[in-house]
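Understanding the architecture of this molecule
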Amino acid sequence: MKKGTNKRRGLLQNAAVSYIKKNVGILLAIVIISTVLSILEPIFRTTANLTNVSRQIVTNLLLSYGMTMALLIGAIDLTVGSVVASAGCIFITAIGAGIPFAAAFFISVLFGCTTGACCAGILNVTNLPPFIVTLAMQKIIRGIGYIVTNGKPVQIIDSRLKVLGSGYILGIPNPVWISILITILLVILVNQTKFGRHVYAVGGNEDAARFAGVSIHSVRLRAYMISGCCAAIAGIILAARMYSGQPELATGYESDAIAASVLGGVRFTGGNGSIGGVVLGALLLGIVNNGMNLLNIPSYIQTMVQGCIILGAITIDSLKRDKKER
Amino acid sequence: MKKAGEVHALMGENGAGKSTLMKILAGIYSCDEGEILIHGQTVAIRDTIAARNQGINFIHQEICLAENMSIAENLYIGMELCSGLFLDKKKMLAITQEHLDELGMDLRASDQVSSLSIAQKQMVEIARALFFDAKLVVMDEPTTSLTNKEVESLFAQIEKLKKNHVAIVYISHRMEEIFQIADRVTVLRDGCFIGTEKIREIDMQKLISMMVGREIGQERMEVPTGGETIMQAKNLFNRHLKQVSFELRRGEILGFAGLVGAGRTETACAVFGIDPPESGELILNGKNVVHKSPRDAIRNGIVLFPEDRKKYGLITSLSVKFNLTLPVLHQFIKGIRVDSETESRIIERYAHKLAIKMAGVGQACAGLSGGNQQKVVISKWLAAEPSIIILDEPTRGIDIGAKQDIYDLIKELADQGLSIILISSELPEILKLSSRIAVMHEGRLEKIFETVDGITQEEIMYYAVEGKDI
């Protein structure tokens, strides 16, 4: 009995050590930037601000998870931003139409899964490049949001929306709880299941995976469905916070999701990256954005800084890899 | 050694060194020693442009044309004509068309290459090689995808070139072509020069005996003869295969001999579900089965060790551990519970069985040597505990010591009662290890030798080169 717990602790310790080792660069960046911000602007380290940062990160984090699933299998999912908008619109419209809260939630999530399944289905049948297919689907899915809302934002007042979007449990915002739950689920899915291994196999070498008996189609289908599902949940949370569904919302969010994934160590070539790394990627982007807001840096400079961070991160990553391979 | 106005055939088994020699001429590879003489002068050929400047042109076996461009554009790649700043498309089209007409090819210079048939593309390749002022044209299996009529017109071109004092090196496996078109023939074996003969003074028997006769490193191994039939393929047919039928017995090693492109790998792909047959039956343990994907085949206990292990066998960016366990995840992952003990046991058992040299099971496969990569591929399939193993060129690119390890392993597996299909281009390997030998030629299974005793390399080569018609 005692031996068992010791062993478990050993495993957890090992996992923690390897996690820190793997992500040492980005962890250091987060620590340094946080320290500098705390000194420059004491407001940064207040509980109120940090809570705020965590809530802001949620949307991008969830989208990054979906993007990461697509990137891991060597593809990409450009629909995530559109799914956020349309799922939010469907959610609010459904509640407005008197559909029970839980059912509305379920319908929106189902919508997200379906859009993912559509993308994967098209890819499986046609063998077209994922970039093009998801780009086209991005437009189609956004169109659905406009149709549902008749092109105008829909608003409703509902106390349950306040709980979902702006409530707290134990001082932590409810959206953060949701994203923690999803993070745990995904970490288990990626590390503890056959599907997880198959994802890495398909991304690493699709031919070899096929020869090893992996069903590429099924892996792709599931990866995209997870992406759609995560994006839909992000859309629901966002809509709940704003008490409205806005069809033009979240335009360009897919690029932030790509940025967080890449910062977190996910490679565009597939088969490489981790959910744990993506958490840090989204966290770093969130902290930098918050810090620049606090320091009153103009928004157009902020955009440029984000671009520089992404470039810097992938350059360091590729230099590291070259060194390792030599 | 090649005279102007002569067609010189180059022959040899797979891997005899024909293509390597030609690649040195083309400047794709450089030679460590030796020199190339043209008109009595030593020339250094550093790259393909140098080769072209020496008047050496190539028709490659594989088609290398830019699909999205017209025939004229393809012919002029790298040397486009300009009038002023802009491309002179009219002139290029006109000259190309003239050239095509001269060659008697029924093609339009403005046609996009992607719209052409494979045979037509081959014709464009030929037209391109003859487009430049050639002194020497090297043709590497130019007729593989041509119809009889097109072959005739190619031969007419060759005759015309001969009259213009162009020397031609003609690489082919097809005997009848060699005897029809060549003046002299040179045979290579294992990268060595075996002999050059005038074609009039040699017959097919002699030629085949020059081609085979690679040293058999060792005595034939004692391999089991096999028991009852475990798998039967009946009339497998698809775009590569023409009614291929054979049966596989329990515990035997069925060797598959044949030249490159004879359909051996394609047969394996059909059985393994990568390229399912359009018609024909596969009977496994008395039951009809259909393999639509490798997944189906693996479920039925068949595994395939692909020839190109980097492309199909391994995920090189990931660890030995990951690769080893990929086909057997179901043995230790149930739902979300990973049984790490079983996982370690599987890895222990197979990584050590084959003595894979590595820093640790966490090492990425990219860092392993070719032989060790092959061992990882084999280990991962053994972990799947198959009943039928298909090996496609298992010893390609592997040094001699590691080869013997692999031979021993194959024999051991057969002794354990596994049925093995061994595809190999090395006849000695086939003769050494097989219980029975199947020979393929141009998509057909031409001959099955029921016993290996007393079979010579010549006999196998005869069927591989000729089929049974002649």
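About the cut-offs
Residues numbered from 1 in each chain as written. Chains lettered and ligands numbered in written order. Predicted model: local features only at pLDDT ≥ 70, side-chain atom pairs only at ≥ 80, totals over all residues. Heavy atoms only, no water. Pairing = 2+ DSSP bridges. Helix = DSSP H or I, 4+ residues; strand = E, 2+ residues; numbered from the N terminus. Salt bridge = Lys/Arg side-chain N within 4 Å of Asp/Glu carboxyl O. Buried < 20%, exposed > 50% of the residue type's maximum accessible area, 1.4 Å probe, protein only. Contact = heavy atoms within 4.5 Å. Buried area = accessible area lost by both parts, 1.4 Å probe. Polar contact = N/O pair within 3.5 Å; in protein donor to acceptor, adjacent residues only side chain to side chain. Nonpolar A, V, L, I, M, F, W, Y, C, P; charged D, E, K, R; others polar. Phe/Tyr/Trp six-rings, centres within 6.5 Å; stacked < 30°, edge-to-face > 60°. Lys NZ or Arg CZ within 6 Å of the ring centre and 35° of its normal. Axes fitted to C-alpha atoms, helices over the stretch in contact; angles between N-to-C directions.

Residue and element names in this part refer to chain B. In terms of strand pairing, strand S9 (residues 184–189) meets strand S10 (residues 192–198) through six bridges, oriented antiparallel. Paired with Thr186 across the strands is Thr196, a residue of S10. The loop that links S9 with its antiparallel partner S10 comprises two residues; one of these, Asp190, has a positive phi angle of about 50°.

The subject of this paragraph is the pattern of salt bridges. All names here are of chain B. For the coordinates displayed, the defined rule picks out 16 salt bridges over all chains. The residue Asp183 makes a salt bridge to Lys162 at a minimum N-O spacing of 3.4 Å. Remark: Lys162 occurs in helix H6 (residues 148–163) and Asp183 occurs in the loop between helix H7 (175–181) and S9; sequence separation between them is 21 residues. Note that Glu252 is salt-bridged to Arg436, the shortest N-O span being 2.9 Å. Taken together, the residues span a long stretch of sequence, with Glu252 in the loop between strand S12 (244–249) and strand S13 (253–257) and Arg436 in strand S21 (residues 436–441) at a distance of 184 residues. On the basis of relative accessible area, Arg436 is assigned to the buried category, the value being 2%. Look at the salt bridges and you will find they share partners, linking Glu247, Arg249, Glu252, Arg436 and Glu450 into a network.

A separate point is the interface of chain B and chain A. Contacts between chain B and chain A engage 31 residues on the former and 21 residues on the latter. When the two sides are added together, the surface that chain B and chain A hide from each other amounts to roughly 2,100 Å², 64% of it contributed by carbon and sulfur. Where chain B meets chain A, there are one salt bridge. Linking chain B to chain A there are three residue pairs in polar contact (both at pLDDT 80 or more). Looking at the side of chain B that touches chain A, the elements with two or more residues in it are helix H10 (294–299), helix H11 (309–313), helix H12 (320–325), strand S18 (337–338), helix H13 (340–353) and helix H14 (370–383) of chain B. Residue contributions to the side of chain B that touches chain A peak at four residues, all from H11(B). By residue class, the composition of the side of chain B that touches chain A is 19 nonpolar, five polar and seven charged.

A separate point is the packing of aromatic side chains. Any two aromatic rings considered together are summarised by their centre-to-centre distance and by the angle between their planes. Summed over all chains, the structure comprises eight aromatic pairs over all chains. Look at A:Phe211 and B:Tyr312: their rings are 4.7 Å apart centre to centre, the planes differ by 35°, and that puts the pair in the tilted class. One end of the pair, A:Phe211, is in helix H10 (residues 206–211); the other, B:Tyr312, is in helix H11, on a second chain. Taking the relative accessible area as the measure of exposure, A:Phe211 reaches 5% and is therefore buried. Relative accessible area serves as the criterion here: at 24%, B:Tyr312 is assigned to the partly exposed category. Ring centres of B:Phe246 and B:Phe256 lie 5.3 Å apart, and the angle between their planes is 80°; this geometry places the pair in the edge-to-face category. Here B:Phe256 lies in strand S13 and B:Phe246 lies in strand S12, a separation of 10 residues in the sequence. Both residues of the pair, B:Phe246 and B:Phe256, count as buried. Within the aromatic cluster, the residues linked to one another by ring pairs are A:Phe91, A:Phe101 and A:Phe105. We note B:Lys447 situated over the ring of B:Phe449; from NZ or CZ to the ring centre the distance is 5.4 Å.

All names here are of chain B. Read from one edge of the open sheet, six strands run S16-S19-S20-S13-S21-S22, paired in mixed fashion. Each of the sheet's edge strands pairs with one partner strand only, and the pair in question is strand S16 (302–305) and strand S22 (444–449). Strand-to-strand twist across the sheet, computed as the mean angle between neighbouring axes with direction ignored, equals 20°. Pairing of S21 with S22, which is carried by five bridges, proceeds in the antiparallel orientation. Bridging across to S22, Ile437 finds its partner in Phe449. Sheet strands touched by helix H9 (residues 264–272): S13, S16, strand S19 (388–392), strand S20 (419–423) and S21. Its angle to S16, the strand with the most contacts, is close to 145°.

So, on to the side chain of B:Ser435. Tracing the backbone shows B:Ser435 in the loop between helix H16 (427–433) and S21. Residues contacting B:Ser435, with those up to four places away along its chain left out, are B:Val223, B:Pro224, B:Thr225, B:Glu252, B:Ile253, B:Glu450, B:Thr451 and B:Val452.

Another aspect to go through is the sheet that holds S10(B). Residue and element names in this part refer to chain B. Pairing in this open sheet of six strands is mixed, and the strands run S4-S7-S8-S1-S9-S10 from one edge to the other. For this open sheet the edge positions go to strand S4 (56–59) and S10, each flanked by a neighbour on one side alone. Neighbouring strand axes in the sheet, compared pairwise and without regard to direction, differ in orientation by 20° on average. As defined by bridge partners, strand S1 (residues 7–11) adjoins strand S8 (residues 167–171) across four bridges and the pair is classed as parallel. From the neighbouring strand, Leu10 faces S8, where its bridge partner is Ile171. In the packing of helix H8 (residues 204–211) onto the sheet, contacts are made with S1, S9 and S10, and the angle to S9 comes to roughly 30°.

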